[in-house]
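Summary of structural features
Now for the letters of each chain:
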Amino acid sequence: DRTAFDMVSPLLAVLGKNIRFMGGPGMGQHTKMTNQILIASGMIGLVEGLLYAHKAGLDLETTLAVVGAGAAGSWSLANYAPRIIKRNFDPGFFVDHFVKDMGIALEESRRMGLALP
């Protein structure tokens with residue numbers, strides 16, 4: 001509820017920068033699932049783009065500098081692509097948590113009548 005959110009906002013501000021009231025119960029969880037879906041689809045595009053550039057014979061670091069400065073730029077591109085180019089495939093997030101989140105997102109999508117992959 002908004003009143004409770006307003007009461008704890010100062011504490012939340014200590015924990016993060018982008019603190020927003022998303023609505024009633026469950027809306028924060030739906031926001032998180034939106035984020036996870038966007039990250040998943042973005043990561044697929046990121047690795048497919050790097051693979052394409054590699055197969056085309058482009059210098060990956062130069063290509064990353066060019067495309068990262070345009071509309072394709074993103075946090076994932078800026079932070080994960082340089083690691084991937086160096087063949088560092090360590091996850092930046094607990095993979096088990098991400099898989100769990102994607103399961104929740106797919107389950108909720110089905111409940112809402114959405115056909116997501």
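By convention here, each chain's residues receive numbers from 1 onward along its written sequence. Under the rules for a predicted model, residues below a pLDDT of 70 receive no local features and side-chain atom pairs below 80 are neither given nor counted, while totals for whole chains, interfaces and linings still include all residues. Here the side-chain values reflect all heavy atoms present in the structure, with hydrogen atoms and water set aside.

The next thing to look at is the nonpolar core. Buried residues of nine kinds, namely Ala, Val, Leu, Ile, Met, Phe, Trp, Tyr and Cys, make up a nonpolar core once their side-chain atoms join them within 4.5 Å. For each residue, the accessible area found with a 1.4 Å probe, counting protein chains only, is set against the maximum for its type, and the residue is called buried under 20%, exposed over 50%, and partly exposed in between. In this structure, Leu 46, Leu 50, Ala 53, Leu 60, Leu 64, Leu 77, Ala 81 and Ile 85 together form the largest nonpolar core, which totals 8 residues. To qualify as a helix, a DSSP run of H or I must reach at least 4 residues; to qualify as a strand, a run of E must reach at least 2; elements of each kind are numbered from the N terminus. At the level of secondary structure, the elements contributing two or more residues to this core comprise helix H2 (27-55), helix H3 (60-68) and helix H5 (81-85). Top element by residues in this core is H2. It accounts for 3 residues. It only takes one pair of heavy atoms within 4.5 Å for two residues to be counted as in contact. Once residues lying within four places of it in the same chain are set aside, the contact partners of Ala 81 are Leu 46, Leu 50, Leu 64 and Ser 76.

What follows is about a nonpolar patch on the surface. Like charges within 9 Å and nonpolar side chains (Val, Leu, Ile, Met, Phe, Trp, Tyr) within 5 Å are joined into patches, using only residues over 30% in relative accessible area that form no salt bridge. Where accessible areas are quoted, they stem from the Shrake-Rupley method and a 1.4 Å probe; at the residue level, only the protein chains shown are allowed to cover. Salt bridge, as used here: a side-chain nitrogen of Lys or Arg that lies within 4 Å of a carboxyl oxygen of Asp or Glu. On the surface, a nonpolar cluster with roughly 580 Å² of combined accessible area is contributed by Met 7, Val 8, Leu 11, Val 14 and Leu 15. Among the structural elements, Leu 11 can be located in helix H1 (residues 2-15).

Another point: the side chain of Ser 109. Inspection of the secondary structure assignment puts Ser 109 in helix H6 (residues 95-111). Overall, Ser 109 belongs to the buried group, its relative accessible area being 3%. In this view, Ser 109 contacts Leu 114 and Leu 116; residues no more than four positions away in its chain are not counted.

Each pair of aromatic rings taken from Phe, Tyr and Trp, with Trp reduced to its six-membered ring, is defined by centres within 6.5 Å and is described as stacked if the planes are under 30 degrees apart, edge-to-face if over 60, and tilted in the remaining cases. Enumeration according to the criterion identifies 2 aromatic pairs in this entry. Between Phe 5 and Phe 21 the ring centres are 5.4 Å apart and the planes differ by 55°, which places this aromatic pair in the tilted class. Within this pair, whereas Phe 5 is found in helix H1, its partner Phe 21 is found in the loop between H1 and H2, the two being separated by 16 residues in sequence. Look at Phe 21 and you get partly exposed, because its relative accessible area is 29%. With 5.3 Å between their ring centres and 80° between their planes, Trp 75 and Tyr 80 make a pair best called edge-to-face. Trp 75 sits in the exposed class, given a relative accessible area of 56%.

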